Amino acid sequence: FFHRFPDRTTHNSPRHSITKMKFVVLLATAAAALKQPRATKALAVRGGQIPALPSILSKEQYIKFQAATFGLYGVQMLLMPKKMHEDHFKTPSSTMIEFWIRGHAATIFACSYALISLPVELAYKISMALVAGISATYPYNAKFNLLDKYEPKYPMHYVPEVLMATLITIGALAK
């Protein structure tokens, strides 16, 4: 299959494969959080929590935290798209890049508003899927060149990578 796409075969180093596997594990964690666990007697006695994995936030608190975090990103997208791009990528910004970033701000605002307005269980599932999707298409796509070749600018690009991993982890542990 990849012999038809020679530019894609350059990303098959062992290190690149390991980082892709880590990314898949991270997404699997988010997906697992969406499934309802079966409460055993031992877990029921402890309130449904696994003792080694304490919950940091309730699902409702997590939704508000995630919506606020994305809302702040939306403000940056709307007000300073050029700075966002040039802080995170080695390529210069353009009016077209800034157009797309500003336009995505409206989507982020709408999602954030919807999440805090929906019933908690539905909002939690959507929130986890949204964070996993944004993680895959933005910071980890740039880091691992999943959909194309990008040149993220470090150390600044660590910020969204760590933020998305944190949001997925806190969300997976929310009760």
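Scroll up to find the structure this text is about.
Keep in mind that what you see is a predicted model, and the values were worked out from it rather than measured.

A. Representation of unusual backbone geometry within the structure. Along the chain, Tyr154 connects to Pro155 via a cis peptide bond; the corresponding omega equals 15°. Mapping Pro155 onto the fold places it in the loop between α7 (139–144) and α8 (158–173). The backbone phi angle of Asn145 is positive, close to 50°, even though this residue is not glycine. Relative to the helices and strands, Asn145 resides in the loop between α7 and α8.

B. Structural detail: the packing of aromatic side chains. Inspection of every chain in the model, using the stated rule, returns 4 aromatic pairs. Consider the rings of Tyr140 and Phe144, whose centres lie 6.2 Å apart with planes at 15°: the pair is stacked. You can see Tyr140 and its partner Phe144 sitting in helix α7, 4 residues apart, about one turn around the helix. By relative accessible area, which is 6% here, Tyr140 ends up buried. Judged by its relative accessible area of 7%, Phe144 is buried. Relative to Tyr158, the ring of Tyr154 has its centre 4.5 Å away and its plane inclined at 50°; by these criteria the two rings are tilted. Residue classification places Tyr154 among the partly exposed positions, given a relative accessible area of 30%. The exposure class assigned to Tyr158 is partly exposed, which follows from its relative accessible area of 44%.

How each quantity is defined
Residues numbered from 1 in each chain as written. Predicted model: local features only at pLDDT ≥ 70, side-chain atom pairs only at ≥ 80, totals over all residues. Heavy atoms only, no water. Helix = DSSP H or I, 4+ residues; strand = E, 2+ residues; numbered from the N terminus. Phe/Tyr/Trp six-rings, centres within 6.5 Å; stacked < 30°, edge-to-face > 60°. Buried < 20%, exposed > 50% of the residue type's maximum accessible area, 1.4 Å probe, protein only.

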